[in-house]
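Descriptive structure summary
Chain by chain, the residues:
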Amino acid sequence: MNWYNIQLLEERRASVPDEERMEELKAGREAALADGAQLATADPEESGRIAAVYAARLKELKET
């Protein structure tokens, strides 16, 4: 969540904000919120799947 918030703030502060990127970031933040809520009732298999998705995203972000 924090990553999305920082990215949105940086985009808003840009001299010419990229509206498409902002929409993508907002959608990603909403998906992360939904996944976080799902974790509260997820079984171990589902929790592992969600964790793997976010680990892959984090790795991808670090490589860029």
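Quick note: structure is the one above.
Keep in mind that this is a model prediction, so the values were computed, not measured. (Residues numbered from 1 in each chain as written. Predicted model: local features only at pLDDT ≥ 70, side-chain atom pairs only at ≥ 80, totals over all residues. Heavy atoms only, no water.)

In terms of helices and strands, the protein carries three helices and zero strands. Starting at the N terminus and ending at the C terminus, the protein contains elements arranged as α-α-α. Computed over the C-alpha atoms, the radius of gyration of the protein is 14 Å, more than 25% above the 11 Å expected from 2.2 N^0.38 for a compact globule of 64 residues. Taking the principal axes of the C-alpha coordinates as reference, the protein spans close to 45 × 25 × 15 Å. The 64 residues of the protein split such that 16% are buried. Contacts in the protein between residues at least 24 apart in sequence constitute 29% of all its contacts with a sequence separation of at least 6. (Helix = DSSP H or I, 4+ residues; strand = E, 2+ residues; numbered from the N terminus. Rg over C-alpha atoms; globule rule 2.2 N^0.38 Å. Buried < 20%, exposed > 50% of the residue type's maximum accessible area, 1.4 Å probe, protein only. Contact = heavy atoms within 4.5 Å.)

Considering all chains together, one arrives at three salt bridges under this definition. Put simply, R21 and E11 hold a salt bridge, and the shortest N to O gap is 3.5 Å. With a gap of 10 residues between them, R21 in helix α2 (residues 19-39) and E11 in helix α1 (residues 2-13) connect regions that are remote in the sequence. Relative accessible area serves as the criterion here: at 29%, R21 is assigned to the partly exposed category. Its relative accessible area of 13% is what places E11 among the buried residues. (Salt bridge = Lys/Arg side-chain N within 4 Å of Asp/Glu carboxyl O.)

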